[in-house]
Amino acid sequence: MRIVLDAMGSDHAPAVDVEGAVRAARRFGQEIILVGRQAEVEAELAKHDTSDLALSVVHAEQVIEMGEHPSLAVRNKPISSMVVGMGLVREGRADAFVSAGNSGGTLAAAVTGAGRLGRIRGIRRPALSTILPTVAGSTLLLDIGANTDCRPEWLVQFAVMGSVYAERVRGVAEPRVALLSNGEEDTKGSAAVQEAHQALRQLPALRFIGNVEGKDLLMGAADVVVADGFVGNVVIKTAEGVASMLLQLLRTNIKATPITSVGGLLAKPAFRRVAKVLDYREYGGAPLLGVNGVVIIAHGRSDPLAIENAIGVAVDAVASRVVERIREGIEGVPGAEEPEGEAGAED
């Protein structure tokens, strides 16, 4: 198996990305292809013991920066690490692409760039996903930003793709799928959510449990939760902010008095376990579902552990043949009959 890593992706590239790749090559025993400015990447590789590791470098002079307009950057930088790396997957020279770079750029490169993979036949829009920790484990949330305004049939397809990914890659037997709405009743939510609700009821192969509200999301009410990209993006960023706030409040208040300081020392192992659950690095990255290839997007502030785990997610997705399973699962689903032009990246 060959995994492409955008070595210029993270906020602290290429040092963080290269170290993560070295760790992943050692841990998973797979070939990692680092794409980026060769001299810089090789200089970082020289700092590590890479003997007996399957690591190679492919030169890409340009870099799509975090603040750039995704579609324009992909169009104007055809030899960027994202476009070149995606092209290796398209050409069959690699099995998956991983990047901690501009997520919109990764989406644009996947569906519109010179190295584009395109969409799985029948998929109307790809969806960005993420793993949310919950009291019961974790939940796959999609879309979190690829499509701010969604048609009902897109939401239905997101549900199918999320269910396939949860079962095949995350090992969830008969995953519970829900729509995120402002009420549990099937009459709640936007017109698109209500129509999608009725359509999902008609899919016997899907374990659709109806609507879930925001208060139930982090309680583990469902294994897969579907929303449009606007709502999903607000949810994930709010959740990140709440997690950071809670950890900061705990640290501050534990040190407030001698008694709470002692209690804090006794509870330290529990706090560490909770912090690990809330740590995005443990989840590595999440898939861009619906494109005709395995694409994993990691957080921009990823450190080596996060990069290592993101590569692990890619390895699992390839091994589980998630693209093939989505292709099979989408057959006969409403909205999959009429092909559309390449789309999905914000212009």
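Keep in mind it's a predicted model, so treat the numbers as computed, not measured.

1. What to know about the packing of helix α6 (residues 152–168) against helix α7 (residues 191–201)
Their axes nearest at 8 Å, the elements α6 and α7 cross at an angle of 50°. The angle between α6 and α7 places the two elements in the oblique class. The crossing of α6 and α7 is right-handed. Touching Pro-152, Leu-155, Val-156 and Ala-159 of α6 are Ala-192, Val-193, Glu-195, Ala-196, Ala-199 and Leu-200, all from α7. Class assignment of the residues belonging to the contact of α6 with α7 gives a composition of 9 nonpolar, no polar and 1 charged.

2. Here we look at the nonpolar core
Leu-55, Phe-158, Val-226, Ile-311 and Val-322 are the most contacted members of the largest nonpolar core, which totals 66 residues. If we ignore the near neighbours within four places in the chain, the residues touching Val-226 are Leu-142, Leu-155, Phe-158, Ala-159, Val-177, Ala-178, Leu-179 and Leu-180. Counting residues in each nonpolar core, the second largest holds 40 residues, with Ala-108, Ala-178, Val-225 and Leu-288 among its members.

3. Considerations on unusual backbone geometry
Residue Ala-13 is joined to Pro-14 through a cis peptide bond whose omega torsion reads -5°. Mapping Pro-14 onto the fold places it in the loop between β1 (2–6) and α1 (15–28). At the junction of Leu-142 and Asp-143, the peptide bond is cis and its omega measures out at 0° in the coordinates. With phi around 70°, Asp-52 is a residue other than glycine that occupies positive phi space. By secondary structure assignment, the location of Asp-52 is in the loop between α2 (38–45) and β3 (55–59).

4. A short note on the environment of Gly-9
In this fold, Gly-9 is placed in the loop between β1 and α1. On the basis of relative accessible area, Gly-9 is assigned to the buried category, the value being 8%. The sequence separation of Gly-9 and Thr-106 amounts to 97 residues, and the corresponding C-alpha distance is 9.8 Å.

The rules behind each value
- Residues numbered from 1 in each chain as written.
- Predicted model: local features only at pLDDT ≥ 70, side-chain atom pairs only at ≥ 80, totals over all residues.
- Heavy atoms only, no water.
- Axes fitted to C-alpha atoms, helices over the stretch in contact; angles between N-to-C directions.
- Helix = DSSP H or I, 4+ residues; strand = E, 2+ residues; numbered from the N terminus.
- Parallel < 35°, antiparallel > 145°, perpendicular 65-115°, else oblique.
- Left-handed = near helix turned anticlockwise from the far one by under 90°.
- Contact = heavy atoms within 4.5 Å.
- Nonpolar A, V, L, I, M, F, W, Y, C, P; charged D, E, K, R; others polar.
- Core = buried A, V, L, I, M, F, W, Y, C linked by side-chain atoms within 4.5 Å.
- Buried < 20%, exposed > 50% of the residue type's maximum accessible area, 1.4 Å probe, protein only.

All we've got here are geometric facts, nothing functional implied.
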